[in-house]
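Topology and contacts: notes
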Amino acid sequence: ERCPPALRYDPFPMAPTRHLSIHGHFYQPPRENPWLEAVETQDSAFPWHDWNGRITTECYEPNATARILDDTDRIVRIVNNYGSLSFNFGPTLLSWLEVHAPHTYEAILEADRLSRERFAGHGCAIAQAYNHIILPLANDRDRRTQVRWGVRDFELRFGRKPEAMWLPETAVDLPSLELLAGEGLKYTILEPQQALRWRPIGSSEWISTSPDPTTPYLCRLPSGASIAIFFYDGPISRAVAFEQLLARGETFAHRLLGAFDDSRAHAQLVNIATDGETYGHHHRFGEMALAYALQVIDARGDVRLTNYGQFLAEHPPALEVEIAERTAWSCAHGVERWRSDCGCSTGAGAGWNQRWRTPLREALDWLRDQVAVLFEREGSALLDDPWQAREDYIDVVLDRSEGSLTRFLARHARKGARVSSLLQLLEMQRNAMLMFTSCGWFFSDISGIETVQILNYAARVLQLAHDAAGVDLETEFMDRLAPAQSNLAERGSARDIYEREVIPARLDLTRVAAHYAVLSLFDTFEDEACVYCYEVVRRDFEIRKSGRTRLALGTIEVRSLITHQSVSFELAALHLGETELTGGVRRLRDGSTFPAIRRDLAEAMQPGGIPTIIRLLDTHFGEVPVSIRSLFRDEQRRILHELIVATLEEAESAFRQLHERYDPLLRFHTRLGIPIPKVLQTAAEFDLNLQIRRLLEAETPVVIEVMALLREAREQGVATDEATRLAFKLAIERAAERFHDRPDDLDRLDVLETLVSVIREAQLYVDLRRAQNIYYRMHASVRPFIATSAGGGRWLAHFDSLGEKLNLAPTV
């Protein structure tokens, strides 16, 4: 968004006071494989690895570094939007960001710290019920744990107690509000239609019209406690989310300012609330429109940017409200969207229905109740108070270190309790809550990835119930899923989906051992290694080679870092080349014959001995055979790519020869304006793009060679492909990081400036966000120091030239 200089509006009257707050609900459903505790490749998010990665790139990171442009489209400011918003982040999303996007994660925490200084001690961040369960549909125990886990997660991340909590889908009832008030939370945020009636405090007459969204309300609870409720401006919030209001930041600012009304005699808080992903993911460049609007409004002087906590402290409610029980913002029928065919969905084909929601909800409710009995029965022998232990288990979920677990056990475990058994029970309960994540019901069909995800959590619950209590609930659970029919005939019922997609994905320690056995033929491991959320310790391990053939032999111990279950295995895996692989794993038992088998296998590892090895492997390791299919999804793809490298190298050589041989002919065609034959055009595009990428992958690219290849590509009419543009992006980011590490090194500055110059001259679209961020920080921290130093003229000239090429305004 452009920010014209000296932009001002006619001021509104200064009294009564006018305040503005924009709330962003930042959330993604948990997508981790329940057995690996990691998000695997999601093809629908391509070219990103998964949807978390894609939305981080499009939304979460851009809002931490939002651009404000001048009237020539140059960057004049880079701002952290989170510092001016009211916001909540889903705890499960923050856990992912902490590991995979640490800079963005730290920017979110820092924004809350700075906002406390800006807004009189009231931070912009508020908590969220832990994994987005629809609280009015949860039982009392789950509802309580969800609130307490959300509060505890917030405290450990933000270093303070939350003032408020976002209710998933704003789904509300009095028991949920009682829990919030009982945890010391001061307010929550609802949609206006969720108010049943309201009145001035002290009045006896209720009013049934829609509440005024510019003032807080007091909600008195049956227990005698109370909580404040803010109702967001529904029309503006919907316009932001669905009506392209973010197309121009100026329009957005005008719409917000137009919500103030001179006829109101009270201090006004114009507030809106939308999904945070609206700003950048759902609406491209929405974070820029948001940043622009916030800057314009903040500069006015007659409207004060604030957050709910500060406004509530300064303007306590003068009105009270009764809520419409069991309602939500995204369902016109209460909370039916998450349990019945109410008609609310994300759009579907003709004749589609959501009757599958009811049997799905009933099956999961049944499973939850069954494992609650098991948890209480089995847990009572291991834990002083199983349900209190569950509420405190969040500390272990957020910190899996031995110290954290030791502290938890000291508070809750009975003397002599088997640690792996109590952890299995607690994990059973954690997954029993994860399987109620609201997204499983939100969309149009039961075959969607969100519903399959919650079925995966259910499968993990069933597995843990069997391991911890010896109870098999799976058959009856699948029977209860059978009535839930997909709208796609080929997908069948929820039972079919469970059998076809969920059961094959289920893992145990044996499958981890099989994965390790195969991977050990390709990767080099230390004697102690982590494989996702498992620790593998190997003993007496060796790799024997004969030509292209490799044989892995040894014993390993596989231990879950989550439940501390541990099993030892013997493995023997043979790789004959390409995808030809055989062997297996088996549990280590007393009196094992493995030493003798291992000796026979080693002796057969010679020319002509392969049939003997295969026969021995089939005889002794046939119970759990291994193959490329034994690898988990991401490693399977990586290894298959490595196996095809030789084939790719042959293809690359062929394209290179074809391109070089007919290079003069290609140039002649181009000069005459005659179309190049398709096969030669393909060879040239492949070869030139590959050569450019190889050069850019070097720590310090030889830029003159890159420029020569780009010139050749231009002369032959060859376009740079997406992979090459990505290579430029990564090379520029590496150069920017190297310069940031040694800002006094002119050579590093020169490499960065030259690389940026190359893409500008070639008119390549390359994402320069990270390089711009680094430059912007250095402009504020390093440039002033150099400017006051003797002999800094050359550095300043190059640095300022780099800023121009990175599209930053001289006055940045």
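Residues numbered from 1 in each chain as written. Predicted model: local features only at pLDDT ≥ 70, side-chain atom pairs only at ≥ 80, totals over all residues. Heavy atoms only, no water.

1. A look at the overall build of the protein
Note the threshold: Under the scheme used here, helices are H or I runs from DSSP no shorter than 4 residues and strands are E runs no shorter than 2 residues, and both carry numbers assigned from the N terminus. In this scheme, a residue with accessible area under 20% of its type's maximum is buried, one over 50% is exposed, and one in between is partly exposed, where area comes from a 1.4 Å probe on protein chains only. In what follows, a contact means two residues having at least one pair of non-hydrogen atoms within 4.5 Å. The Shrake-Rupley method, run with a 1.4 Å probe, gives the accessible areas here. Residue values count only the displayed protein chains as cover. Asp and Glu are treated as the negative residues and Lys and Arg as the positive ones, with His and the ends of the chain left uncounted. We put the charge of a Lys on NZ, of an Arg on CZ, of an Asp on CG and of a Glu on CD.
Within the protein, the regular secondary structure consists of 31 helices and 18 strands. The burial tally for the protein puts 56% of its 812 residues in the buried class. Within the protein, counting contacts between residues at least 6 apart in sequence, those at least 24 apart form 69% of the total. Surface accessibility of the protein: about 34,800 Å² in total, with carbon and sulfur atoms responsible for 51%. Of the side chains in the protein, 92 bear a positive and 115 a negative charge, and the two mean positions are spaced by 1 Å.

2. Describing the pattern of salt bridges
Which entries qualify depends on this criterion: Within this document, salt bridges are pairs made up of a side-chain nitrogen of Lys or Arg and a carboxyl oxygen of Asp or Glu, the two lying within 4 Å of each other.
Within this structure, the stated rule accounts for 62 salt bridges. With a shortest N-O distance of 2.8 Å, Arg-339 and Glu-336 are connected by a salt bridge. Across the pair Glu-499 and Arg-495 runs a salt bridge, and its minimum N-O distance is 3.3 Å. Placement of both Glu-499 and Arg-495 in helix H18 (residues 494-502) is noted, with a separation of 4 residues, approximately one turn of the helix. Judged by its relative accessible area of 36%, Glu-499 is partly exposed. Three or more residues joined by partner-sharing salt bridges are found here, namely Arg-152, Glu-155, Lys-161, Asp-395 and Arg-411.

3. A word on the environment of Gly-591
Within the fold, Gly-591 resides in the loop between strand E18 (580-587) and helix H20 (594-604). Given the relative accessible area of 72%, Gly-591 is considered exposed. Considering only alpha carbons, one finds Gly-591 and Ile-613, 22 residues apart in sequence, at a separation of 22 Å.

4. Structural notes on the side chain of Asn-81
With respect to the helices and strands, Asn-81 occurs in the loop between strand E3 (75-79) and strand E4 (86-89). By relative accessible area, which is 1% here, Asn-81 ends up buried. Discounting chain neighbours no more than four positions away, the residues touching Asn-81 are Asn-63, Ala-66, Glu-287, Leu-290, Ala-291 and Leu-294.

5. Section: unusual backbone geometry
Cis rather than trans, the peptide bond between Phe-46 and Pro-47 has omega equal to 10°. Among the structural elements, Pro-47 can be located in the loop between strand E1 (18-26) and helix H1 (51-64). Positioned with a positive phi, Ala-120 is a non-glycine residue whose angle comes to about 55°. Since its relative accessible area comes to 55%, Ala-120 is described here as exposed. A positive phi angle, near 55°, is found at Gln-763, a position not held by glycine. Relative to the elements of secondary structure, Gln-763 occurs in the loop between helix H28 (746-761) and helix H29 (769-781). For Gln-763, a relative accessible area of 72% gives the class exposed.

6. Side note on the sheet that holds strand E17 (residues 566-577)
Basically, it comes down to this: Whether two strands pair comes down to DSSP finding at least two bridges between them. Axis geometry follows a simple rule: fit a line to the C-alpha atoms, using only the stretch in contact for helices, then measure angles between N-to-C directions, giving values from 0 to 180 degrees.
Within the open sheet, the 5 strands sit side by side as E14-E15-E16-E17-E18. Their pairing is antiparallel. One side of each edge strand has no neighbouring strand; the edge strands of this open sheet are strand E14 (528-531) and E18. Direction aside, neighbouring strands of the sheet carry axes that sit 30° apart on average. When E17 meets E18, the two strands line up antiparallel, connected through 8 bridges. Bridged to Leu-574 within E18 is Thr-582. Against the sheet, H20 contacts strand E15 (534-546), strand E16 (549-560), E17 and E18, and its axis sits at roughly 155° relative to E16.

7. Some points on the sheet that holds strand E9 (residues 217-220)
Pairing within the open sheet is mixed, and its 5 strands lie in the order E7-E10-E9-E13-E8. Strands at the two margins of the open sheet, each flanked by one partner only, are strand E7 (187-190) and strand E8 (195-200). Here the average twist between neighbouring strands, direction ignored, is 35°. Pairing geometry for E9 and strand E10 (residues 226-231), over 4 bridges, is antiparallel. Looking at the pairing, Arg-220 lines up with Ser-226 of E10. Helix H5 (residues 174-182) contacts E7, E9, E10 and strand E13 (319-323) of the sheet and is inclined by roughly 110° relative to E10.

8. Structural notes on the packing of aromatic side chains
Test applied: Stacked, tilted and edge-to-face pairs are distinguished by plane angle, under 30 degrees for stacked and over 60 for edge-to-face with tilted covering the rest, among Phe, Tyr and Trp rings (Trp via its six-membered ring) whose centres lie within 6.5 Å. In our convention, an over-ring charge means Lys NZ or Arg CZ found within 6 Å of a ring centre and within 35 degrees of that ring's normal.
Counted by the stated rule, this structure contains 28 aromatic pairs. A ring pair is formed by Phe-477 and Tyr-498, whose centres lie 5.8 Å apart and whose planes are at 70°; its orientation type is edge-to-face. You can see Phe-477 sitting in helix H17 (residues 474-481) and its partner Tyr-498 sitting in helix H18, a full 21 residues away along the chain. With centroids separated by 4.6 Å and ring planes inclined at 10°, the aromatic side chains of Trp-795 and Phe-799 adopt a geometry described as stacked. A residue pair is termed a helical-turn pair when its members lie 3 or 4 positions apart in one helix, as Trp-795 and Phe-799 do in helix H31 (residues 793-805) at 4 residues. Each member of the pair Trp-795 and Phe-799 is classed as buried. Looking at Arg-141, its charged tip hangs above the ring of Trp-387, at a distance of 4.1 Å from the centre. In this arrangement the basic side chain of Arg-361 is found over the ring face of Trp-441, its NZ or CZ atom lying 4.2 Å from the centre.

9. Here we look at the nonpolar core
Spelled out, the test is: Within this scheme, the nonpolar core is defined by two criteria: the residues are buried Ala, Val, Leu, Ile, Met, Phe, Trp, Tyr or Cys, and they are joined through side-chain atoms within 4.5 Å.
Residues Phe-89, Leu-97, Phe-252, Leu-367 and Phe-477 are the most contacted members of the largest nonpolar core, which totals 177 residues. Counting residues per element, this core draws most heavily on helix H16 (residues 449-469), which supplies 11 residues. Contacts of Leu-97, omitting those with residues within four sequence positions, involve Thr-56, Tyr-60, Phe-89, Pro-102, Tyr-105 and Ile-108. Among the nonpolar cores identified, the runner-up in size contains 44 residues, and Ala-713, Leu-749, Leu-755 and Leu-796 belong to it.

10. Here we look at helix H21 (residues 610-621)
Selection rule: Helix span, expected: 1.5 Å multiplied by one less than the number of residues in the helix. Think of it as the arc spanned by the lines of direction from the helix axis to the C-beta atoms.
In this model, H21 (12 residues) spans 16 Å end to end at C-alpha, consistent with the 16 Å of a helix rising 1.5 Å per residue. Taken residue by residue, H21 has Ile-613, Leu-616, Leu-617 and Phe-621 as its buried positions. For H21, the arc enclosing every buried residue in end-on projection is 100°, short of the 170-degree limit, so these residues lie on one face. Residues of H21 that are exposed and angled more than 90 degrees away from the buried face: Pro-611, Arg-615 and Thr-619. On the buried face of H21, the contacting elements are E17, E18 and H20.

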